[in-house]
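One letter stands for each residue in the lines below.
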Amino acid sequence: MKLNWGTGIVLAFVGFIGFILFFVVRMSLDDRSNHDLVTEDYYKKELVFQQDIDAMKKAKALSYPPRVEKTEAGMLIHFPVNMSPEKIEGKVSLYRPSNKHLDFDLPISVSKPNLLIPDKRLLDGRWDMDVRWTYEGETYLLRKSFTY
């Protein structure tokens, strides 16, 4: 059977389309390629975005702003020293962008103006941390990204 140039072009197009479809199907069915949103409650978090901005401004405006320090025992969060530690309530959320199964929350329960996140809970890599606390009716937020 003799092939002319028109048949060759059609076969080339069919081969190319088949090649592209193979990779589209392969990537959509592969478990390693996760196409979820960044967080589960993405749209709920967008609705309270202005409240987060206000809480971050309050935290930065404190006379002793909170800070995060890496130590041998883990990540140490220093709350403002002028705040009574017993009145601080809230939670620390740690989010791992590369693996949502490593995300976790810690309640803030301190007797000193420090909170330690143990080294055994933090794997090497990038983490996003939100420290949200209330003190005497005011809400504060510290957002920090770090590589452990």
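Residues numbered from 1 in each chain as written. Predicted model: local features only at pLDDT ≥ 70, side-chain atom pairs only at ≥ 80, totals over all residues. Heavy atoms only, no water.

**Regarding the nonpolar core**
- With 26 residues, the main nonpolar core has Val-92, Ile-117 and Trp-133 as its most contacted residues.
- Only β2 (74-78), β3 (89-95), β4 (104-108), β5 (114-118), β6 (126-135) and β7 (138-147) provide two or more residues apiece to this core.
- Here this core gets five residues from one element, more than from any other, and that element is β6.
- The residues touching Val-92, leaving out its near neighbours within four places in the chain, are Ile-77, Phe-104, Asp-105, Leu-106, Ile-108, Leu-115, Ile-117, Met-129, Asp-130 and Val-131. (Core = buried A, V, L, I, M, F, W, Y, C linked by side-chain atoms within 4.5 Å. Buried < 20%, exposed > 50% of the residue type's maximum accessible area, 1.4 Å probe, protein only. Helix = DSSP H or I, 4+ residues; strand = E, 2+ residues; numbered from the N terminus. Contact = heavy atoms within 4.5 Å.)

**Concerning the pattern of salt bridges**
- Considering all chains together, one arrives at eight salt bridges under this definition.
- Residue Lys-87 is joined to Glu-136 by a salt bridge in which the shortest nitrogen-to-oxygen separation is 3.4 Å. Taken together, the positions of Lys-87 in the loop between β2 and β3 and Glu-136 in the loop between β6 and β7 put the pair 49 residues apart, joining distant regions of the chain.
- Relative accessible area serves as the criterion here: at 44%, Lys-87 is assigned to the partly exposed category.
- The salt bridge partner of Lys-91 is Asp-105, with a shortest N-O separation of 3.6 Å. Within this pair, whereas Lys-91 is found in strand β3, its partner Asp-105 is found in strand β4, the two being separated by 14 residues in sequence. (Salt bridge = Lys/Arg side-chain N within 4 Å of Asp/Glu carboxyl O.)

**Comments concerning helix α3 (residues 49-60)**
- For α3, built from 12 residues, the straight-helix expectation of 16 Å at 1.5 Å per residue is met to within 8% by its first-to-last C-alpha distance of 17 Å.
- Those residues of α3 that sit buried are Asp-52, Ala-55 and Ala-59. The buried residues of α3 all sit within an arc of 65° when viewed along its axis, so they share a single face. Exposed residues pointing more than 90 degrees away from the buried face of α3 are listed as Lys-57 and Lys-60.
- Summarising the contacts, the buried residues of α3 are in contact with β6 and β7. (Expected span 1.5 Å × (residues − 1). Arc of directions from axis to C-beta.)

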